[in-house]
Amino acid sequence: MTSAVEAPPGSRVQLRLLGGRNDGRLDSHLAQHGRLPVFDANQIVGLARDAGLTGRGGAGFPVWRKLSAVAATGRPPVVIANGAEGEPASGKDRALLAYAPNLVLDGLQLAAMGAQSAVLYAPAAAHRALGELIAARRGAGLDRVPVRLVAAPDAFVAGEETAAAAAAAGKAAVPGDKLVRITEAGPGGAPTLVQNVETLAHLALIARYGPGWFRTAGTPDEPGTFLATVSGAVAAPGVLEAGYGVTLGELIAAAGGATAPLSAVLVGGYHGGWVPAEAALPVSRAALTPYGGSPGAGVIVALPRSACGLLETARIAGYLAGQVAGQCGPCINGLPRLASTLTDLAHRRARPGLPAEVDRLARLVTGRGACRHPDGTARLIHSAMRAFEADVAAHLVGNCRAEEKR
Amino acid sequence: MNRLHVDWTACDGRGLCAELLPELLTEDDWGYPVPRAGMNVPPALEPAARQAVDRCPALALKLTRVSAGRAPASS
């Protein structure tokens, strides 16, 4: 699914994680990058901090802070590489585990320094190849900390941090209450560190080439590259890599270009936000915050003008409502109601106060779950109501702007 | 200052907390507690808050100390 293209000069589309042979083989990996240098746990925290490495799973939290929180407990941690990728519009973790799994496993060893065991949490379909690789690396004396594979169910919330921790502890892969942070005590009692597989792969490169090198990509505030999954109305959908600050135009061009005039772009994923289809808009937290969005896990979906953004958002909201873990009342009840209310608007079943009711329900569920599933769903819907304001007005009088463009 | 915390995985919307702490909590469309403004508990309401915590049948309501300078948990 990787559509690595030759980047035009000056473009921020550049390959680091996916810059090798991408065959997943250990010999190719060692030929390209060599063995992992040895660092102690403090040095690894320092590398992550100096590089400004942030989590690539969506939340963008500074890696060094989680590393040092776990180290501060003084107890042996459980360290989990999270490759669950429950987000349907994202394919980057799957691509990374197929094409550059050795970088992920290197990074896991770095993060698991001092741990007794480490976990690679990934979809069962990837386990055979990963299991063979883990055995080969162990045989070659590369990995001091043994790595255990845990199957990630194909569910949206299974990739949430506490869900991953629960699965690694042998429990159901559903989010847990966060009164006690898992970095202090996870579901099995041990301090638990969960990092996205892409984050760990970046850490493996930082350990070899240094924080200064890492910062030569991206922006001073948001350094490094990220994997983007570009889909929708583009000629060559797939996984790309670019520095933060890459423009939407550059990413869409690298994915073969738009196949139709675009009305909006979904950035960040199903918990992300709709932004205008402006080619010059940078994909960075700084540039996307005004739209209520963030680069998230690097999802980019191009919406053609012939498709109705409200219908598309209602479809996603319906999917998200079906993906609730079934634990938290406001989410169990609120998300289906929110999705069906938005669906009424999307299908032009207008009634007085419909947009206000969508807004009220989105606010009502926010912050009222063990995880951010309700918050993320509400964020997406709020962004849709802003980005498709003119469509909302048209739908309320029985028209659809997308229909007129067909 | 203390702060209310709802373990949403345990709360089943019995509604006692909103009855005992109407100053801070109301109920949503399905009977689950909603903060009126925030979850911080003013000192004057501490006894009522403790009572609500103690009487929650699902043991879902907790009172936590807000220590200065500590950021809320990240996701």
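Residues numbered from 1 in each chain as written. Chains lettered and ligands numbered in written order. Predicted model: local features only at pLDDT ≥ 70, side-chain atom pairs only at ≥ 80, totals over all residues.

Per an unreviewed UniProt entry, chain B goes by the name Ferredoxin and belongs to Paractinoplanes pyxinae.

For chain A, the name recorded in an unreviewed UniProt entry is SLBB domain-containing protein, with Paractinoplanes pyxinae as its organism. Recorded in UniProt for chain A, the comment headed Sequence similarities (unreviewed entry) runs: "Belongs to the complex I 51 kDa subunit family." (UniProt positions renumbered as here; feature names shortened; annotations may be inferred.)

Student: Where do I start with the overall build of chain B in this structure?
Tutor: When helices and strands are counted, chain B shows two helices and five strands. Ordering the α and β elements of chain B from the N terminus gives β-α-β-β-β-α-β. The 75 residues of chain B split such that 25% are buried. (Helix = DSSP H or I, 4+ residues; strand = E, 2+ residues; numbered from the N terminus. Buried ≥ 20, exposed ≤ 12 C-beta atoms within 10 Å, placed from the backbone.)

Student: Is there a simple way to explain the sheet that holds strand β6 (residues 238–243) of chain A in this structure?
Tutor: Two modes of strand pairing occur in sheets, parallel and antiparallel, and in both the strands are linked by backbone hydrogen bonds. Residues and elements named next belong to chain A. Taking strand neighbours across the sheet as the criterion, the five strands line up as β6-β5-β9-β7-β8 in an open arrangement whose pairing is mixed. Since the sheet does not close on itself, it has two edges, and those belong to β6 and β8 (273–276), each with one partner. Between one strand axis and the next, the sheet turns through 30 degrees on average, direction left out of account. One ladder, built from four bridges, connects strand β5 (residues 225–232) with strand β9 (residues 299–304); its direction is parallel. The residue bridging serine 231 from the neighbouring strand is valine 301, located in β9. Relative to β8, helix α14 (residues 373–387) is tilted by about 25 degrees, and along the sheet it contacts β7 (262–267) and β8. (Pairing = 2+ DSSP bridges. Axes fitted to C-alpha atoms, helices over the stretch in contact; angles between N-to-C directions. Contact = placed C-beta atoms within 7 Å.)

Student: Where do I start with the domain arrangement of chain A in this structure?
Tutor: A common measure of how large an interface is: the accessible area buried when the components associate. Residue and element names in this part refer to chain A. Structurally, chain A comprises domain 1 (26–214), domain 2 (225–304) and domain 3 (309–404). A C-alpha centroid distance of 26 Å is found between domain 1 and domain 2. Each side of the interface is counted separately: domain 1 has 13 residues, and domain 2 has 15 residues. A total of three residues in the side of domain 1 that touches domain 2 trace back to one element, the largest contributor, which is helix α4 (residues 92–99). By residue class, the composition of the side of domain 1 that touches domain 2 is four nonpolar, five polar and four charged. (Domains from an automatic or database assignment. Nonpolar A, V, L, I, M, F, W, Y, C, P; charged D, E, K, R; others polar.)

Student: Would you explain the nonpolar core in this entry?
Tutor: Soluble globular proteins tend to pack their nonpolar side chains together in the buried interior. Residues and elements named next belong to chain A. Core analysis: the largest hydrophobic core is formed by 151 residues, its most contacted members being Ile80, Leu108, Tyr121, Leu251 and Val265. Of all the elements, helix α8 (residues 197–214) adds the most residues to this core, at nine residues. In this view, leucine 108 contacts Val79, Ala81, Ala118, Leu120, Val147 and Leu200; residues no more than four positions away in its chain are not counted. (Core = buried A, V, L, I, M, F, W, Y, C linked by C-beta atoms within 7 Å.)

Student: Where do I start with the pairing of β6(A) in this structure?
Tutor: The side chains of a regular strand alternate, residue by residue, between the two faces of the sheet. All names here are of chain A. For β6, the buried fraction is high: six of the six residues fall into the buried class. Here β5 pairs with β6 via six bridges, running antiparallel. Bridging across to β6, threonine 229 finds its partner in valine 239. Where β5 hands over to β6, the hairpin turn is made up of five residues, counted between the paired strands.

Student: So what exactly am I meant to see when it comes to the pairing of β7(A) here?
Tutor: Residue and element names in this part refer to chain A. Burial analysis of β7 places six of its six residues in the buried class, the great majority of the element. Sheet topology note: the β7/β9 ladder contains five bridges and is antiparallel. Bridging from a neighbouring strand, valine 265 pairs with alanine 302 of β9. Here β7 runs beside β8; their pairing, made up of four bridges, is antiparallel. Residue pairing across strands places valine 267 opposite glycine 273, the latter belonging to β8.

Student: Honestly, the confidence of the model for chain A in this entry has me stumped. Any pointers?
Tutor: Should pLDDT be low for a region, the predicted coordinates there are not to be read in detail. Residue-level pLDDT values for chain A average 94, and 97% of them are 70 or greater. Here residues 1–6 of chain A is modelled with pLDDT under 50, and outside its nearest four sequence neighbours on either side it reaches 17 contacts, counting other chains as well. (pLDDT = per-residue confidence, 0-100.)

Student: Is there a simple way to explain the confidence of the model for chain B in this structure?
Tutor: Residue and element names in this part refer to chain B. On average, residues of chain B carry a pLDDT of 89, and 88% of them reach 70 or more. In the model of chain B, strand β5 (residues 61–65) stands out as the element of lowest mean pLDDT, 94, in contrast to strand β2 (residues 25–27), which has the highest, 97. Predicted confidence is poor over residues 69–75, with pLDDT under 50, and the contacts of this stretch with residues over four places away or in other chains come to seven contacts. Confidence estimates for the predicted assembly give a pTM of 0.93 and an ipTM of 0.88.

Student: I'm lost on the environment of A:Ala72 in this one. Help?
Tutor: Counting through the fold element by element, A:Ala72 comes out in helix α3 (residues 63–72). Considered as a pair, A:Ala72 and A:Pro191 are 119 residues apart in the sequence and their alpha carbons are 9.7 Å apart.

Student: Looking at this structure, how should I read the packing of helix α2 (residues 41–51) of chain A against α8(A)?
Tutor: To describe two helices that pack against each other, one gives the angle between their axes and the distance between the axes. All names here are of chain A. It is the contact of α2 with α8, at a shortest axis distance of 9 Å, that shows an interaxial angle of 45 degrees. Put simply, α2 runs oblique to α8. In the packing of α2 onto α8, the handedness of the crossing is left-handed. Seen from α2, the contacting residues are Leu47, Ala48, Asp50 and Ala51; seen from α8, they are Leu203, Ile206, Ala207, Pro211 and Phe214. Taken together, the residues that form the contact of α2 with α8 break down as eight nonpolar, no polar and one charged. (Parallel < 35°, antiparallel > 145°, perpendicular 65-115°, else oblique. Left-handed = near helix turned anticlockwise from the far one by under 90°.)

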